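# Observations on the three-dimensional arrangement
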Amino acid sequence: MRIGVLGTGNMADALATHWVRAGHRVAIGGRDAHKAERLATRIGGGARPASLRAAAEFGQEVVLAALPYGAGADVARDLRTALEGRVLLDCSNPVGPGFRLLTRGGPSAARRLAAAAPGARVVKAFNLCHENVWRMRPPVFDGRPLAVPVCGDDEAALARVRELVRDVGGEPVAGGGLDRAGLLEATAALFISLWVGEGADAQAIAPPLAYAAGPDQQRTEGGSMAFR
């Protein structure tokens, strides 16, 4: 794929590094040309520096918006013509001081990107983990690849993002349409508050899948129900 990256921060670095290693062509776009050049050089593998607009135009298959929540919609609005028809992948988290959601019950960050660039096909993913998790090769825990929820309305766009999730070493999980992106963002706010604010293991708040609807049951040979 040809992937344009909007941003020169840690998420841009972590994800683009995986994608270059997987054989994709990547352009790193930033307002600061020197930062874009430094990141492209560090990633290597043919990654090229570019302006934000040039990166959006380069990303014929996918454009990653690795931008702070406060800047994402403004950049997308400025680039809306270049983003026409593009898959616009949003990994942002609108989480502020006190682990509160900056969207304040309004449209999700992903929905705001979609409104700013209405011709783009927005997909939400990669927002539930710290950038250092995405640097892992691969992100596997207790023998299980990291599950990565993906939300979007366009099946072709979702298929491309699922491929990129696998290239990172994760396992894509259907998260529903873009209307559910706000739930992913709220989940990130909760998890960050538990991990950082409380020092709690957020993973431990959910039971195993077999117990999601209560204790798993199986029918015995005699026809009665027994709890496992």
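Preceding this paragraph is the structure being described.
Residues numbered from 1 in each chain as written. Predicted model: local features only at pLDDT ≥ 70, side-chain atom pairs only at ≥ 80, totals over all residues. Heavy atoms only, no water.

### Here's the deal with the nonpolar core
Looking at soluble globular proteins, one finds that nonpolar side chains tend to be buried together. Put simply, the rule reads: Joining through side-chain atoms within 4.5 Å is the link that ties buried Ala, Val, Leu, Ile, Met, Phe, Trp, Tyr and Cys residues into a set, and such a set is a nonpolar core. Exposure classes here rest on a 1.4 Å probe applied to the protein chains alone. A residue is buried below 20% of its type maximum, exposed above 50%, and partly exposed in between. Each helix corresponds to a stretch of at least 4 residues labelled H or I by DSSP, and each strand to a stretch of at least 2 residues labelled E; elements are numbered beginning at the N terminus. A contact between two residues is defined here by any heavy atoms of the two lying within 4.5 Å.
With 36 residues, the main nonpolar core has W19, I28, L89, F126 and W134 as its most contacted residues. Here the element with the most residues in this core is helix α1 (residues 10-21); it accounts for seven residues. When sequence neighbours within four positions are dropped, the list of residues in contact with F126 reads M11, L15, W19, L89, C91, W134, V148, L164, V165 and V168. A27, A55, L79 and L178 belong to the second-largest nonpolar core, a separate cluster that totals 26 residues.

### Notes on unusual backbone geometry
Here the residue pair R137 and P138 is connected by a cis peptide bond, since its omega of -5° sits within 30 degrees of zero. For P138, the location among the structural elements is in the loop between α6 (131-134) and β9 (140-141). Positive phi, close to 60°, is recorded for F99, a residue that is not glycine. Relative to the elements of secondary structure, F99 occurs in the loop between β6 (95-96) and β7 (100-101).

Keep in mind these values describe shape, not function.
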